[in-house]
Amino acid sequence: MSSSEKKDEKKEDPIEAAKRKAAFRAVEDHFRSDMTFVGIGSGSTIVYGVEAIKEHLRKNPPPPNHMNWFVPTGWNSRKVIEEAGLLPLGFDSIPGDSMLEVAFDGADEVDEELNCIKGGGACLFQEKLVACRSKKFICIADYRKNQKRLLTNWKSIPIEVAPIAHASVLRELRILGSTDPKLREHSLAKTGPIQTDQSFYIIDAPFKQLYTSLDVKNGKDGSGKDGHWSVEALAKRIKEINGVLEVGLFYGLNGDEAQATGLKGGQKPV
Ligand code: 5RP
């Protein structure tokens, strides 16, 4: 099979089609050609987001002498930006007090309050840096990612940790009620722990389904006493563990959403 046939086959895949549709809708609703700083996340969905931005800029060129800068959340994300012919700008080169107008990113799971689990691709630290420096965080999620509560289909929380501390973080996570947290390892040929762009490790920590803040308002405890945590309480508690750089729970980030409308398998269209 030629590479162009392979590409066509990928595009026809219903899941790829849903990711693409969600990404194009997110860009149509939230990107403008006169924006200066735009965050670009990591993963396979954001590739379609970059394609949509490129297409948007082709149809609607920026004002004369205006530059659009795209801030990556890791090496892969930078490569996607560069390959699209867009201008990358390192997070540490964003001038002074400037904010990003918007950051686009994918997610592993999204709950009904738009809290997300992120880090399936091991980029969560830089993803959170960029998201928190943005006036608006747009999470592009196709229908598979959409759940009432986090930890429904996606079973564990990615946590970025200092290599030297990984064993003590695993221990602390078990005390917090995580059942069998594990260091993420390379599969097959490569052995040993996966390293992030910061040369840190990733721990995947399974917990019981997480309560939203609405659940807590409605009387659920969410403090972990009975093994059930709310998203916010657990994210804060894990962040306190020595050796943890970042937690793959994103909440309260000025959320907005763009989801695929071409749904199947009994999902309701949004
Ligand atoms: C990487 C991430 C990704 O955004 C997340 O894993 C979604 O990836 P995909 O779009 O491939 O499903 O958080 O760390």
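None of these values were measured; they are calculated from a predicted model.

Student: Sorry, what's going on with the pairing of strand S1 (residues 37-40) here?
Tutor: Within a regular beta strand, the side chains point alternately toward one face of the sheet and then the other, so they alternate between its two faces. What you see with S1 is no split at all: Phe37 and Gly39 on one side and Val38 and Ile40 on the other are buried throughout. Taking the sense of rotation as the criterion, the β-α-β connection linking S1, helix H3 (residues 45-59) and strand S2 (residues 69-72) turns out right-handed. Looking at chain direction, S1 and strand S4 (residues 102-105) are connected through 3 bridges and run parallel. Directly across from Gly39, in S4, lies its bridge partner Ala103.

Student: How should I be thinking about the packing of H3 against helix H4 (residues 75-83) in this particular structure?
Tutor: Between H3 and H4, the least distance of the axes is 10 Å, while the angle of their chain directions is 30 degrees. Considering the angle they form, H3 stands roughly parallel to H4. The interaxial crossing formed by H3 with H4 has right-handed handedness. Along the contact surface, H3 presents Ile46, Val47 and Val50, while H4 presents Ser77, Val80 and Ile81. Tallied by class, the residues present in the contact of H3 with H4 amount to 5 nonpolar, 1 polar and no charged.

Student: Quick question: what am I supposed to make of unusual backbone geometry here?
Tutor: Leaving glycine aside, a negative phi is the common case for residues, and trans is the common case for peptide bonds. Positioned with a positive phi, Leu114 is a non-glycine residue whose angle comes to about 70 degrees. Here Leu114 shows up in the loop between strand S5 (109-110) and strand S6 (116-117). Of the residues examined, Leu114 has 19 C-beta atoms within 10 Å and is grouped as partly exposed. Here the phi dihedral of Leu151 falls at roughly 70 degrees; this positive angle occurs in a residue that is not glycine. Looking at Leu151, the number of C-beta atoms within 10 Å reads 21, which means it is buried.

Student: Before we go on, may I ask you to explain the site of the ligand in this structure?
Tutor: Gly43, Thr45, Gly106, Gly120 and Gly121 are the nearest of the 17 residues found near the ligand. The class makeup of the residues in the shell around the ligand is 4 nonpolar, 9 polar and 4 charged.

Student: Hey, could you run me through the environment of Val169 in this one?
Tutor: Relative to the assigned elements, Val169 resides in helix H6 (residues 166-175). Assessed through the 22 C-beta atoms surrounding it within 10 Å, Val169 is described here as buried. Considered as a pair, Val169 and Ile40 are 129 residues apart in the sequence and their alpha carbons are 30 Å apart. With sequence-adjacent residues up to four places away left out, Val169 is seen in contact with Val161, Ile203, Ile241, Gly243 and Val244.

The rules we used
- Residues numbered from 1 in each chain as written.
- Predicted model: local features only at pLDDT ≥ 70, side-chain atom pairs only at ≥ 80, totals over all residues.
- Buried ≥ 20, exposed ≤ 12 C-beta atoms within 10 Å, placed from the backbone.
- Helix = DSSP H or I, 4+ residues; strand = E, 2+ residues; numbered from the N terminus.
- Right-handed = clockwise from strand over helix to strand, strands pointing away.
- Pairing = 2+ DSSP bridges.
- Axes fitted to C-alpha atoms, helices over the stretch in contact; angles between N-to-C directions.
- Parallel < 35°, antiparallel > 145°, perpendicular 65-115°, else oblique.
- Left-handed = near helix turned anticlockwise from the far one by under 90°.
- Contact = placed C-beta atoms within 7 Å.
- Nonpolar A, V, L, I, M, F, W, Y, C, P; charged D, E, K, R; others polar.
- Near = placed C-beta within 6 Å.

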